[in-house]
Amino acid sequence: MIECFARAIEDRTDDLVALTVDLIRFPTVNPPGEAYTPCAEYVARCLSRLGFQTKLIRGEGTPGDTDRYPRTNVVARLEGKGPGPTVHFNSHIDVVETGAGWTVDPFGGEIRDGKIFGRGTCDMKGGLAASIIAVEAFLAVRPDFHGAIEISGTVDEESGGFGGVAYLAKEGYFSRPRVDHVIIPEPLNKDRICLGHRGVWWAEIETKGRIAHGSMPFLGDSAIRHMGAVLDAFEHELFPALDRKQTEMPVVPEGARRSTMNINSIHGGQTEDFFPGLPSPTVPDSCRIVIDRRFLLEEHIDEVKGEVSSILERLKRERPRFDYGMRNLMEVLPTMTERDAPVVQAVAGGIREVFGHDPEYVISPGTYDQKHIARIGHLHDCIAYGPGILDLAHQPDEWVGIEDMVQSANVMAISLDALFGAAG
Ligand SMILES: [Zn+2]
């Protein structure tokens, strides 16, 4: 039976390539959210030809949603010949900006040396195309399966997923009993299973001062110097402490197998775009930074926040006139699907069949749409698995290998068989 899937996919290689090229030609750049509707409509047309019921769902009122740039998602569902579980393939159709350094047309879909080039080939229209062909091949071999298959093309993953998976999850599209197993074909490499991601906490910290004439700074109080003290404490206490926190989570790359923090921005005193070249002499009364803290399954969110606020509180006690404010911007808890979860077992089996070795289990350093499925949909039988080499995502001359897509599609078809077979 496994050979049947391989043959059914092999027979459809030209369709797989054509489908990927077609998807690449929609310049679904986010922001602002270009060409979402025509791309979603195209996916809907492909799937209705396979017998799916399709629905376009706009993320009404979500960030960036306007009549010029509607957040258009597509959700498609195919019922099998009897009751059984639902397997959902979720791909995002948005891509990041092209940036500089391209030697091919980013939206041309050029094919060369067994690779398809273009923005979004790897991340992740190649994965979307592979999942559609996998389902088509599965249906050809198993027309009488019991259960249901869903495929969605969702928007805004690259900007947080609010108009895409988060919106659909709130509408019940990623919860039981509608859905049982979710595979997100993000480019994690064809023989790896991504079980989840580290946690994220974003916060803005402001130090406060008092404005005065710059020639007499002793009459004021510099918020920038106060922030300097904060950064100094981070440098000498927090960063070394974070570096010592190792995780059991198999995060890739290896450097992310510990706690990390980035300072995303810093602004103090006069804004740069007022009166360019004509600064006035004032003592800054405000300085703000945004921190991006990535944390581990072993850490509690309260502890993560506490490390930062205890430094700020200590400065308040020890440093004359030090005052600060802190504002939460975003928090997402770490998530890791269990290795014995049905979807993990099914895809692991597929990888063993196709590649002859065990999968590598990994955790993503950053979050992706699985966070909404876990947090809003309360569905934990979810992984990322798809073709494409992770390092190529968001790069110039991004590409996806045709053979990689074929093999991944094969793994997906075998996984479907396992998930439906197990129920039957
Ligand atoms: Zn992606």
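This one's a predicted model, so the numbers in the text were calculated from it and none came from an experiment.

Some thoughts on the packing of helix H1 (residues 2-10) against helix H4 (residues 121-141)
The contact between H1 and H4 brings their axes to 9 Å, and the two run at 125°. The angle between H1 and H4 falls in the class oblique. Here H1 and H4 pass one another in a crossing that is right-handed. Residues Cys-4, Phe-5, Ala-8 and Ile-9 of H1 touch H4, and the partners they reach there are Ile-133, Ala-134, Ala-137, Phe-138, Ala-140 and Val-141. Each residue belonging to the contact of H1 with H4 can be placed in one class, and the counts come to 10 nonpolar, no polar and no charged.

Focus on the nonpolar core
The biggest cluster of nonpolar side chains holds 95 residues, and the ones touching the most others in it are Ile-133, Ala-134, Val-347, Ile-383, Ala-409 and Ala-413. There are two domains that each give this core at least three residues, and those are domain 1 (2-197 + 334-423) and domain 2 (204-332). Residues within four places of Ala-413 in sequence aside, it is in contact with Phe-5, Ile-9, Ala-134, Ala-137 and Phe-138. Within the second largest apolar cluster, eight residues are counted, among which are Ala-223, Met-227, Phe-234 and Cys-287.

Side note on the packing of helix H6 (residues 223-243) against helix H7 (residues 301-318)
Relative orientation of the contacting elements H6 and H7 amounts to 130°, with a least axis distance of 11 Å. Viewed along their axes, H6 and H7 adopt a mutual orientation that is oblique. As for the relative orientation of H6 and H7, their crossing is right-handed in sense. On H7, the residues that touch Ala-229, Val-230, Ala-233, Glu-237 and Leu-238 of H6 are Glu-307, Ile-311, Leu-312 and Leu-315. Of the residues that constitute the contact of H6 with H7, the class distribution is seven nonpolar, no polar and two charged.

Points about the domain arrangement of the protein chain
Split by domain assignment, the protein chain resolves into domain 1 (2-197 + 334-423) and domain 2 (204-332). Each of domain 1 and domain 2 was reduced to a C-alpha centroid, and the two centroids are 38 Å apart. Facing eight residues of domain 1, the contacting portion of domain 2 comprises 10 residues. Broken down by class, the residue content of the side of domain 1 that touches domain 2 amounts to six nonpolar, one polar and one charged.

So, helix H8 (residues 342-355)
Between its first and last C-alpha, H8 extends 20 Å over 14 residues, near the 20 Å set by a 1.5 Å rise per residue. Considered for burial, the residues of H8 that qualify are Val-343, Val-344, Ala-346, Val-347, Ala-348, Gly-350, Ile-351 and Val-354. Among the residues trailing H8, Gly-356 stands out with phi positive, at a value near 75°.

Here we look at helix H2 (residues 13-24)
With 12 residues, H2 ought to run about 16 Å at 1.5 Å a step, and its terminal C-alpha atoms sit 17 Å apart, in line with that. Inspection of H2 places Leu-16, Val-17, Leu-19, Thr-20, Leu-23 and Ile-24 among the buried residues, and these make up the whole buried set. Around the axis of H2, the buried residues are gathered within 165° of arc, so they sit on the same side.

The rules we used
- Residues numbered from 1 in each chain as written.
- Predicted model: local features only at pLDDT ≥ 70, side-chain atom pairs only at ≥ 80, totals over all residues.
- Axes fitted to C-alpha atoms, helices over the stretch in contact; angles between N-to-C directions.
- Helix = DSSP H or I, 4+ residues; strand = E, 2+ residues; numbered from the N terminus.
- Parallel < 35°, antiparallel > 145°, perpendicular 65-115°, else oblique.
- Left-handed = near helix turned anticlockwise from the far one by under 90°.
- Contact = placed C-beta atoms within 7 Å.
- Nonpolar A, V, L, I, M, F, W, Y, C, P; charged D, E, K, R; others polar.
- Core = buried A, V, L, I, M, F, W, Y, C linked by C-beta atoms within 7 Å.
- Buried ≥ 20, exposed ≤ 12 C-beta atoms within 10 Å, placed from the backbone.
- Domains from an automatic or database assignment.
- Expected span 1.5 Å × (residues − 1).
- Arc of directions from axis to C-beta.

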